[in-house]
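Listed below are the residues making up each chain.
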Amino acid sequence: MIALLFALLTAVMGLNYFRQKTAANALFFITLALSVYWLKFHATSQLTIQL
């Protein structure tokens, strides 16, 4: 998931480089939403170690 978020942010930077501001802003907000989802449901879950 982290790799996906980094890839999406890289795509946002690429879109900004090629002056695609509207697409870059849309993808940035989608990436922000995914980041909040990941933080809320995955990063804060308890670790389960099965021995």
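Preceding block: the structure.
How each quantity is defined
Residues numbered from 1 in each chain as written. Predicted model: local features only at pLDDT ≥ 70, side-chain atom pairs only at ≥ 80, totals over all residues. Heavy atoms only, no water. Phe/Tyr/Trp six-rings, centres within 6.5 Å; stacked < 30°, edge-to-face > 60°. Helix = DSSP H or I, 4+ residues; strand = E, 2+ residues; numbered from the N terminus. Buried < 20%, exposed > 50% of the residue type's maximum accessible area, 1.4 Å probe, protein only. Axes fitted to C-alpha atoms, helices over the stretch in contact; angles between N-to-C directions. Parallel < 35°, antiparallel > 145°, perpendicular 65-115°, else oblique. Left-handed = near helix turned anticlockwise from the far one by under 90°. Contact = heavy atoms within 4.5 Å. Nonpolar A, V, L, I, M, F, W, Y, C, P; charged D, E, K, R; others polar.

Trainee: Would you mind going over the packing of aromatic side chains with me for this structure?
Mentor: For any pair of aromatic rings, geometry is given as the distance between the ring centres together with the angle between the planes. What the rule picks out here adds up to three aromatic pairs. Both rings, one in Tyr37 and one in Phe41, keep their centres 5.0 Å apart while their planes meet at 45 degrees; by these two values the pair is tilted. Linking Tyr37 with Phe41, this pair stays in helix α2 (residues 21-43), spanning four residues, or about one helical turn. Exposure remark for Phe41: the relative accessible area of 47% places this residue in the partly exposed category.

Trainee: What should I look at first to understand the packing of helix α1 (residues 2-17) against α2 in this one?
Mentor: Helix-helix packing: each pair is described by the crossing angle between the helix axes and the interaxial distance. α2 packs onto α1 with a crossing angle of 165 degrees between their chain directions and a minimal axis gap of 8 Å. Taken as axis vectors, α1 and α2 run roughly antiparallel relative to one another. Judged by the twist between their axes, the crossing of α1 over α2 is left-handed. Together, Ile2, Leu5, Leu8, Leu9, Ala11, Val12, Leu15 and Asn16 of α1 and Lys21, Ala23, Ala24, Leu27, Phe28, Thr31, Leu34, Ser35 and Trp38 of α2 make up the contact between the two elements. Split by residue class, the contact of α1 with α2 holds 13 nonpolar, three polar and one charged.

In short, shape yes, function no, at least from these values alone.
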